[in-house]
Amino acid sequence: MAAILVVEDNPANLKLARVVLEKAGYAVLEAMDAEAGLALAREKRPDLILMDIQLPGMDGLTATSELKRDPATAAIPVIALTAHAMKGDEEKIRQAGCDGYLAKPFRYPELLERVAAMLAPSSRPSPIEGEGEKLAPLSPRGRGAGGEGE
Ligand code: MN
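Below is a summary of the structure that appears in this document. (Residues numbered from 1 in each chain as written. Predicted model: local features only at pLDDT ≥ 70, side-chain atom pairs only at ≥ 80, totals over all residues.)

## Quick look at unusual backbone geometry
Looking along the chain, the bond that leaves K104 and enters P105 is cis, with omega of 0°. Considering the arrangement of structural elements, one finds P105 in the loop between β5 (100-103) and α5 (108-119). For R45, which is not a glycine, the phi torsion comes out positive at approximately 45°. (Helix = DSSP H or I, 4+ residues; strand = E, 2+ residues; numbered from the N terminus.)

Put into C-alpha cells, the structure is as follows:
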C-alpha cells in the first residue's frame, strides 16, 4: 500500500484529502505545517507528498526545495496544492522542484487520477518543464458532459 504524506494547514482540507485517499486504499500521513511535514518525510519516506503551498511558518515551496536537496527524500514526488495558480506561481512551483500541482479546490476524481499517475512506475510524469499544457491546473469545475466516464 502506497503511503501519501499530506501537508496542509487547513483542517477541513486535510480531513477531506485523508478520507478520499484512505477510501482509495492509500495509507495517509498528515502534517499541518512544513516543519512537521519535513520531519515525517525524512522519518517515514512516503511514496508521494501532497504539499500545500501556503503554510504557517515555512511555506510549502521552501519545504519542497529542502526535500529535493536532501538525497534521502529527493526522489519522493511532490504535488503542490495551490489555491491560486497563476503564471508566476507556476514558475515558482517548477523552480522549487515540485513534480506537479493541483489547484484547490480540487475535484476528488482528479486528485486520485493525479496521485495514481504519479505513483505508477511506468507512467510517472516527467517534471513540469516537459509537460507543458498538460500540467495546467485541473479545472475545479469538471470536464463537461460526456467526458466523465467511469
Ligand atoms: Mn494553507
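## Structural notes on the packing of helix α3 (residues 60-69) against helix α4 (residues 87-96)
Working note: a packed helix pair is described by the angle between its axes plus the distance between those axes. Packing of α3 against α4 leaves a shortest axis separation of 8 Å and a crossing angle of 25°. On the basis of the axis angle, α3 is roughly parallel to α4. Within the contact between the two elements, α3 uses L61, T64 and S65 and α4 uses K92, I93 and A96. Considering only residue class, the contact of α3 with α4 consists of 3 nonpolar, 2 polar and 1 charged. (Axes fitted to C-alpha atoms, helices over the stretch in contact; angles between N-to-C directions. Parallel < 35°, antiparallel > 145°, perpendicular 65-115°, else oblique. Contact = placed C-beta atoms within 7 Å. Nonpolar A, V, L, I, M, F, W, Y, C, P; charged D, E, K, R; others polar.)

## Observations concerning the pairing of strand β1 (residues 3-7)
The buried count for β1 comes to 4 of 5 residues, which makes it a mostly enclosed element. Alignment of β1 against strand β2 (residues 27-31), held across 5 bridges, turns out to be parallel. When the bridges of β2 are listed, V7 appears paired with A31. Each parallel crossover has a hand, and the one from β1 via helix α1 (residues 11-23) to β2 is right-handed. As paired strands, β1 and strand β3 (residues 48-52) are joined by 4 bridges and run parallel to one another. Residue V6 lies in a different strand from β3, and its bridge partner there is L50. (Buried ≥ 20, exposed ≤ 12 C-beta atoms within 10 Å, placed from the backbone. Pairing = 2+ DSSP bridges. Right-handed = clockwise from strand over helix to strand, strands pointing away.)

## With respect to the packing of helix α2 (residues 34-44) against α3
Packing of α2 against α3 brings their axes to within 10 Å, and their N-to-C directions diverge by 25°. The pairing of α2 with α3 is recorded here as roughly parallel in orientation. Classified by chirality, the crossing of α3 by α2 is right-handed. Counting all contacts with α2, which are made through A34, G37, L38 and A41, the residues of α3 involved are G60, T62, A63, E66 and L67. In terms of residue class, the contact of α2 with α3 is built from 5 nonpolar, 3 polar and 1 charged. (Left-handed = near helix turned anticlockwise from the far one by under 90°.)

## Observations concerning α5
Taking 1.5 Å of rise per residue, the 12 residues of α5 would be expected to cover 16 Å, and the 16 Å separating its terminal C-alpha atoms lies within 8% of that figure. Within α5, the full set of buried residues consists of L111, R114, V115 and M118. On an axial view of α5, the arc spanned by its buried residues comes to 100°, and they lie on one face. (Expected span 1.5 Å × (residues − 1). Arc of directions from axis to C-beta.)

## Structural notes on the sheet that holds strand β4 (residues 78-82)
Judged by pairing direction, the sheet is parallel, and its 5 strands sit side by side in the order β2-β1-β3-β4-β5 without closing on themselves. The sheet is open, and its two edges are formed by β2 and β5, each paired on a single side. Strand-to-strand, the axes of this sheet are offset by a mean angle of 20°, without reference to chain direction. Each of β1, β2 and β3 is contacted by α2, which is oriented at about 165° to β1, the strand it contacts most.

## A few points about α1
Across its 13 residues, α1 extends 18 Å between first and last C-alpha, which sits within 8% of the 18 Å expected from 1.5 Å per residue. Within two residues after α1, G25 carries a phi angle of roughly 100°, on the positive side.

## What about the environment of A103?
Here A103 shows up in strand β5. Between the C-alpha atom of A103 and that of L81, which follows or precedes it by 22 residues, the distance is 5.9 Å.

Read these as geometric descriptors, not functional statements.
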